[in-house]
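Listed here are the chains, written in short residue letters.
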Amino acid sequence: MAISMAHLFVTIMLLAAHTAFSETNMLQDLCVADLKGLKVNGYPCKDPSQVTPDDFYYIGLANAAAINNNSMGSAVTAGNVEKIPGLNMMGTSMSRIDYAPGGLNPPHLHPRASEAIFVLEGSLFVGFLTTSGKLISKHVNKGDVFAFPRALLHFQQNPNKTPASVIAAFDSQNPGTQSVGPSLFGANPPIPDDLLAKAFSLETSEIQNLKGKFQPKN
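Residues numbered from 1 in each chain as written. Predicted model: local features only at pLDDT ≥ 70, side-chain atom pairs only at ≥ 80, totals over all residues. Heavy atoms only, no water.

- As annotated in an unreviewed UniProt entry, the chain carries the name Germin-like protein and comes from Eruca vesicaria subsp. sativa.
- Per UniProt, the comment on the chain under Sequence similarities (unreviewed entry) is "Belongs to the germin family." (UniProt positions renumbered as here; feature names shortened; annotations may be inferred.)

**Structural notes on the overall build of the chain**
Point 1. Scanning the chain for helices and strands turns up 4 helices and 10 strands.
Point 2. Ordered by position from the N terminus, the helices and strands of the chain form the series α-β-β-β-β-β-β-β-β-β-β-α-α-α.
Point 3. Residues classed as buried in the chain amount to 32% of the 218 residues present.
Point 4. Partitioning the intrachain contacts of the chain with sequence separation of at least 6 by distance along the chain shows that 67% fall at a separation of at least 24.
Point 5. Total accessible area computed for the chain in this model is approximately 13700 Å², and 61% of it derives from carbon and sulfur atoms. (Helix = DSSP H or I, 4+ residues; strand = E, 2+ residues; numbered from the N terminus. Buried < 20%, exposed > 50% of the residue type's maximum accessible area, 1.4 Å probe, protein only. Contact = heavy atoms within 4.5 Å. Areas by Shrake-Rupley, 256 points an atom, 1.4 Å probe, with all protein chains shown as cover.)

**Description of the sheet that holds strand S2 (residues 93-99)**
Point 1. Across the sheet, which stays open at both edges, the 5 strands sit in the order S1-S2-S9-S4-S7 with antiparallel pairing between neighbours. Both edges of this open sheet fall to strand S1 (74-79) and strand S7 (145-148), since each of them pairs with a single strand only. Averaged over all adjacent pairs, the angle separating strand axes in this sheet is 25°, with direction ignored.
Point 2. By the bridge criterion, 6 bridges tie strand S4 (residues 115-121) to strand S9 (residues 164-170) in an arrangement that is antiparallel. Along S9, the bridge assignment pairs Val119 with Val166. (Pairing = 2+ DSSP bridges. Axes fitted to C-alpha atoms, helices over the stretch in contact; angles between N-to-C directions.)

Next up, the structure:
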């Protein structure tokens, strides 16, 4: 009897998991985001009678972004659900990243998406870190593709004297981005100095100096 009850329990749990997974799929042709509606793990669907072609259209990735005033020498132009409402529930989005000579897209992660980049112009040094600390890196050139696994720290650097740019594709309508430096040293409220000093084997004064670089300027 115990074995049959255990089998029944496992069966019920598997069915429940399958049902929960299947109900995350689209149940209609489209679900254009109502960006003014109440947001609960995504956006509600816009009235289908109000859907227009512009809900699926975006020209923002056509041109390079201004990067002259960016301290890192890189700029990301997002093409996510907030720019293209038609992406709602589709599980996909795109961005363009432009790099000045010597520019860097510093170590960061996307908590909700894997990423693949296509090099439009120039060449880059790119890589990601596994959870065991192994660096997977490569020099990529125009026309090359490189993929970054979901939620792993990664970066792109332009070590050359000419600009570079890529198109990045994500398997999420809103991948999210968490950068290492600003997250740790620009947190609000701040992470205690002594905690960070111990974590990085630094003096408290060095932590305060780092925080000064990442705190918003008044």
